[in-house]
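Coordinates in review
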Amino acid sequence: MKEVKLAECGLSYAVVSIMGPQSSGKSTLLNHLFHTNFREMDAYKGRSQTTKGIWMARCAGIEPCTIVMDLEGTDGRERGEDDTAFEKQSALFALAVSDIMLINMWCHDIGREQAANKPLLKTVFQVMMRLFSPRKTTLMFVIRDKTRTPLENLEPVLREDIQKIWDSVPKPQAHKDTPLSEFFNVEVVALSSFEEKEEQFKEQVASLRQRFFHSIAPGGLAGDRRAVVPASGFSFSSQEIWRVIKENKDLDLPAHKVMVATVRCEEIANEKYVAFSENEEWCQLEEAANSHSVRGFGRKLSSILDACLSDYDAEATFFDEGVRSSKRKQLEEKLLQLVQPAYQSMLGHIRSDTFERFKEAFEKALKGGKGFALAARECAESFMSHFDEECTDAIIEQAKWDSSRVRDKLRRDVDAHIAEVRTAKLAEVTTLYETKLNEALAGPVEALLDGAGDDTWPAIRKLLQRETDTAVSGFTAALSGFEMDEESRDNMVFRLKDYARGVVEAKAKEEAGRVLIRMKDRFSTLFSHDQDSMPRIWTGKEDIRAITKTARSASLKLLSVMAAVRLEDEGDSIDKTLVLALVDTSSSKSISSVDPLASSTWDEVPPSKTLITPVHCKSLWRQFKTETEYVVSQAIAAQEASKRNNNWLPPPWAIAAMVILGFNEFMTLLRNPLYLGFIFVAYLLFKALWVQLDISGEFRNGVLPGFLSLSTKFLPTIMNLLKRLADEGQGTASGQQPQGNPALAAKSFRGSTNDNGEVSTSTTSEVTSENGTEYSSSSLHDKTQ
């Protein structure tokens, strides 16, 4: 079959077989009729078996392709008793596979019982009954060595004999009344003797040959083609038919046809599957699809699949339609199962690529200032449409696969990313305005609480309202791009307002934790500075008690302000309670013996708004008074020291004693005025030393420190003073006069203290500037002061 390329013929082929007695010239007839090369009998060697078994050949020069089978002759002596068995087997085989069966018989045997091949015909009809659903076959009786009797007279006798044989053959119940014409087309031809009239024989054979051209066409010589096996399955079909015949089984041609179609279609399908799996174009496409998205994937793969299925259809087109379609469907399913992973990979790549591009486009849209909801909606719709287009490009025509699951996953990923970005953006916007509120409130609230007074909390409330309104306005505008529902927007605005209040409350709580430090700072500021914010000098004229009371009252006011959060315009009695309990202690004790601060809560103030409890306030006040009493005592000591330093006159009794006891000395001075000059000079020297040594300043820090300091400065000052007097005397003796006024002014002394506390003293008679201005000792003294 491969040698003659029968598989390429499809259904366009015919099978012709010949039966007849041994040595009846069957091979000779076939060689002349079909130009074959069967072995012929050598007449000179005697009559014997020439064809053994069944021989096959392709008819030369006949279209369509015609296969001829030369069957072993019947009634041969070589087989003996086995002749009948093989005769039936070969006849059944020929009937099962042939479209035309030639029955070779001698003309002079017509009308005879045995010699007329009636046993052969009976055998043919009997085996035909073993075919449950036989197809209609053409029986062509070839009458050899025709005599003078016309064919018109021979043919009726032959047909009558054939009908009698058909009627005598036992038939199944289903075909008991079936006429011969249902199973056979009977044709009769006559040929002259090959040996005696060779030329006439060849002419008649040539004429008969023409009838075999286009034998399978409608009206042609071939019989019914309903059960014909496609050429590619002929070899397998023939082998199976012979196997069934050898096993002596009934041959059901339709079932056999289905079986042949099943085997051959499955073989073809497997061949196409292997060919597809090894297809270079498919392998490259699969490798590419596993690594990245491939443009035109569906079109390319559909083309490869279509080519594979078309090849299958071309080879299996002539087999049983049901089997062919079933196997085609199985092949298609196997092919689709093979390509499905690549298709799923493609969908995965399309989904991931689309998702990544969506994220980039979404981020770009948000950076471009587009509203969040609008950007999310437009980008999502755009890239979902893009995904649908990509999926359409990847669709395989042969598959009805649904990409909705992958699309739903992409949609979930897109929605999840939008939700994630939305949460992040909302958090970013919220954080931005919370930061603005924190910056706008924390510092000012701290400053207001630091300068706590009666208007502190009203000012804080006003500040909170103003900054909150500003932030809420901007926050609401920022949220408009998210297209939130009213309830969600109101909740976020409420949380922002609550955050603003939380900032104030947190700052108030923080400041309340440092209230003692703040109280001490305020007390120190008010106690140590006057109304002009200048440091106080305790000269003895200040009312320390009043100053202390004022400073403590201000510190108490700070404590009352810090005691509770007052963001609602509701009055409370904290200030009054603290004043009565801590300042006006005498009046509070006279009113009631119960301590108003012996409690953990304030009246009219909820615990959540309480920063410092009454008990804690009392503890803080006690600690505050303890730590500020030292400052007050120091002020009192400084005031007493100032009073002592500024009072130079002795007591009155000492003055009276000096007048009484020094009367004689006083009278002596009056009698001798030179003593007065001496005393005056001594006074001037003492005054100069007083100024240079700054005795009053040294004793301001105490008596003992003053004496110690003067002891280190006294001798250097005296030595410096004597040196300057000597220098001045030498200058006068040499006639040198200082520039400026020639008159000698009163001597002046100037002392300075170095880094080690030592005093250096200088004396000048006169200091003149470049413009002639003179500075006396008194002016220098004033400058020193």
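Because the structure is predicted, anything quoted here is derived from the model rather than measured. In this convention, every chain numbers its residues from 1, walking through the sequence in written order. At least 70 in pLDDT is required for a residue's local features to be given in this predicted model, at least 80 for side-chain atom pairs to be given and counted, and no such filter applies to totals for whole chains, interfaces and linings, which use all residues. Processing note: side-chain calculations cover all non-hydrogen atoms of the structure and skip hydrogens and water entirely.

1. Brief notes about the environment of glycine 20
Selection criterion: The way it works is that DSSP assigns letters per residue, a run of H or I at least four long becomes a helix, a run of E at least two long becomes a strand, and they are numbered from the N terminus.
Its place among the elements puts glycine 20 in the loop between strand E1 (13–19) and helix H1 (26–34). Considered as a pair, glycine 20 and valine 142 are 122 residues apart in the sequence and their alpha carbons are 9.7 Å apart.

2. As for helix H5 (residues 198–210)
Put simply, the rule is: Take the number of residues in a helix, subtract one, and multiply by 1.5 Å to get its expected span. The classification of residues rests on relative accessible area computed with a 1.4 Å probe and restricted to protein chains. Under 20% of the type maximum is buried, over 50% is exposed, and intermediate values are partly exposed. Throughout, the arc means the angular range of directions from the helix axis out to the C-beta atoms.
Its 13 residues give H5 an end-to-end C-alpha distance of 19 Å, which sits within 8% of 18 Å, the value for a rise of 1.5 Å per residue. Restricting attention to buried positions, one finds in H5 the residues Phe201, Gln204, Val205, Leu208 and Arg209. Axial view of H5: buried residues confined to an arc of 145 degrees, hence all on one face. Pointing more than 90 degrees away from the buried face of H5 are the exposed residues Glu199, Glu203 and Gln210.

3. Focus: the confidence of the model for the protein chain
Keep this limit in mind: Confidence of the predictor at the level of single residues is captured by pLDDT, which takes values from 0 to 100. Here a residue-residue contact requires only that any non-hydrogen atoms of the pair lie within 4.5 Å.
Looking at the protein chain as a whole, the pLDDT averages 80, with 86% of positions reaching at least 70. Every residue in residues 588–592 is under pLDDT 50, and counting partners more than four places away or in other chains gives one contact. Every residue in residues 736–785 scores below 50 in pLDDT, and together they form 66 contacts with partners more than four places removed in sequence or on other chains.

4. Concerning the nonpolar core
Applicable threshold: Here, the term nonpolar core denotes a set of buried Ala, Val, Leu, Ile, Met, Phe, Trp, Tyr and Cys residues that are joined through side-chain atoms within 4.5 Å.
In terms of nonpolar packing, the biggest core is built from 158 residues, with Tyr13, Phe125, Phe141, Phe184, Phe297 and Phe362 touching the most fellow members. Looking at this core element by element, the count peaks at 15 residues for helix H10 (residues 321–367). The residues contacting phenylalanine 141, other than those within four sequence positions of it, are Ile103, Met105, Leu121, Leu158, Ile162, Val186, Glu187, Val188 and Val189. Counting residues in each nonpolar core, the second largest holds 21 residues, with Val16, Phe38, Val205 and Leu221 among its members.

5. Regarding the pairing of strand E2 (residues 54–58)
Note the following rule: Here, a strand pair is defined by DSSP locating no fewer than two bridges between the strands.
Bridging between E2 and strand E3 (residues 65–71) involves five bridges; their strand directions are antiparallel. Bridging across to E3, tryptophan 55 finds its partner in aspartate 70.

6. A short note on a nonpolar patch on the surface
Which entries qualify depends on this criterion: Each patch is built from salt-bridge-free residues with over 30% relative accessible area, joining like charges within 9 Å and nonpolar side chains (Val, Leu, Ile, Met, Phe, Trp, Tyr) within 5 Å. Per-residue and other accessible areas follow the Shrake-Rupley method at a 1.4 Å probe size, with only the shown protein chains counted as cover for residues. By salt bridge we mean one thing: a side-chain nitrogen of Lys or Arg within 4 Å of a carboxyl oxygen of Asp or Glu.
Taken together, the side chains of Phe680, Val681, Tyr683, Leu684 and Leu685 present a nonpolar region at the surface, about 480 Å² in accessible area. Relative to the elements of secondary structure, valine 681 occurs in helix H22 (residues 674–693). A relative accessible area of 46% places valine 681 in the partly exposed class.

7. Let's talk about the packing of helix H12 (residues 404–450) against helix H13 (residues 456–479)
Just so we agree on the cut-off: With axes taken as lines fitted to C-alpha atoms, and helix axes fitted only over the stretch in contact, angles between N-to-C directions fall between 0 and 180 degrees. Small angles under 35 degrees read as roughly parallel and large ones over 145 as roughly antiparallel, with 65 to 115 read as roughly perpendicular and the rest as oblique. Crossing handedness is defined as follows: a turn of the near helix away from the far one that is anticlockwise and smaller than a right angle gives a left-handed crossing, while the clockwise case is right-handed. Three residue categories are used. Nonpolar comprises Ala, Val, Leu, Ile, Met, Phe, Trp, Tyr, Cys and Pro, charged comprises Asp, Glu, Lys and Arg, and polar comprises the others, including Gly.
Running from N to C, H12 and H13 point in directions that differ by 165 degrees, and their axes come no closer than 10 Å. The angle between the axes of H12 and H13 places the two elements in the roughly antiparallel class. In this structure, the crossing between H12 and H13 has a hand that is right-handed. Taken together, the residues of the contact of H12 with H13 break down into 19 nonpolar, four polar and one charged.

8. Details of the sheet that holds strand E6 (residues 184–190)
Sheet architecture is open: six strands sit in the order E2-E3-E1-E4-E5-E6, paired in mixed fashion. This sheet does not close on itself; its edge strands, each paired only once, are E2 and E6. Across this sheet, the average inter-strand angle for adjacent strands is 20 degrees, counted without regard to direction.

9. Brief notes about the UniProt feature "binding site: GTP" (unreviewed entry) in the protein chain
Put simply, the test is: UniProt positions are given in the numbering used here, feature names are shortened, and annotations may be inferred rather than shown by experiment.
On the UniProt side, "binding site: GTP" (unreviewed entry) is annotated at positions that read Gly20, Pro21, Gln22, Ser23, Ser24, Gly25, Lys26 and Ser27 here. Here proline 21 is to be found in the loop between E1 and H1. A relative accessible area of 15% means that proline 21 is categorised as buried. With respect to the helices, strands and loops of the structure, glutamine 22 is situated in the loop between E1 and H1. Assessed through its relative accessible area of 18%, glutamine 22 is described here as buried.

10. A few points about the packing of aromatic side chains
Rule in force here: Think of it this way: a Phe, Tyr or Trp ring, Trp meaning its six-membered ring, pairs with another when their centres are within 6.5 Å, and the plane angle makes it stacked under 30 degrees, edge-to-face over 60, tilted otherwise.
The tally for this structure, following the rule as stated, stands at 17 aromatic pairs. Both rings, one in phenylalanine 34 and one in phenylalanine 212, keep their centres 4.9 Å apart while their planes meet at 80 degrees; by these two values the pair is edge-to-face. Note that phenylalanine 34 is positioned in helix H1 and phenylalanine 212 in the loop between H5 and helix H6 (234–246), a separation of 178 residues in sequence. The class of phenylalanine 34 is buried, set by a relative accessible area of 0%.

11. Here we look at the environment of glutamate 434
Tracing the backbone through its elements, the reader meets glutamate 434 in helix H12. Between the C-alpha atom of glutamate 434 and that of alanine 471, which follows or precedes it by 37 residues, the distance is 8.4 Å. Beyond its immediate sequence surroundings of up to four residues, glutamate 434 is in contact with Leu496 and Tyr499.

12. Regarding the side chain of aspartate 70
Threshold: Any pair of nitrogen or oxygen atoms within 3.5 Å is treated as a polar contact; in protein, a donor-acceptor pairing is required on top of that, and neighbouring residues in sequence qualify only through side-chain atoms on both sides.
On the secondary structure map, aspartate 70 appears in strand E3. In this structure the side chain of aspartate 70 is engaged in a polar contact, spanning 2.6 Å, whose partner is the side chain of serine 27.

13. Let's talk about the side chain of arginine 351
Note on placement: arginine 351 falls in helix H10. Residue arginine 351 is classed as buried on the basis of its relative accessible area, which comes to 18%. For arginine 351, the contacting residues outside a window of four places in its chain are Phe387, Val406, Lys409, Leu410 and Asp413.

14. Looking at the packing of H1 against H5
Taken N-terminus to C-terminus, the directions of H1 and H5 make an angle of 65 degrees; their axes are 9 Å apart at the nearest point. The interaxial crossing formed by H1 with H5 has right-handed handedness. Listed contacts from H5 to Leu29, His32, Leu33 and Phe34 of H1 are Phe201, Lys202, Val205, Leu208 and Arg209. Among the residues making up the contact of H1 with H5, the classes are represented as six nonpolar, one polar and two charged.

15. Section: the pattern of salt bridges
Pairs can form between side chains of opposite charge whenever their charged atoms are close. Using the criterion set out here, one finds 35 salt bridges in the structure. Lysine 202 is paired through a salt bridge with glutamate 198; the nearest N and O atoms lie 3.1 Å apart. Taken together, the residues lysine 202 and glutamate 198, both in helix H5 and four residues apart, mark about one turn of the helix. Glutamate 510 is the salt-bridge partner of lysine 507, the closest N and O atoms lying 3.2 Å from each other.

16. Concerning the state of the cysteines
Inclusion rule: Cysteine sulfur atoms that come within 2.5 Å of each other are treated as a disulfide pair.
One pass over the full model with this rule turns up zero disulfides. Looking at cysteine 9, it has no disulfide partner, and the nearest cysteine sulfur is the one in cysteine 65, 4.2 Å off. Judged by relative accessible area, which is 19%, cysteine 9 ranks as buried.

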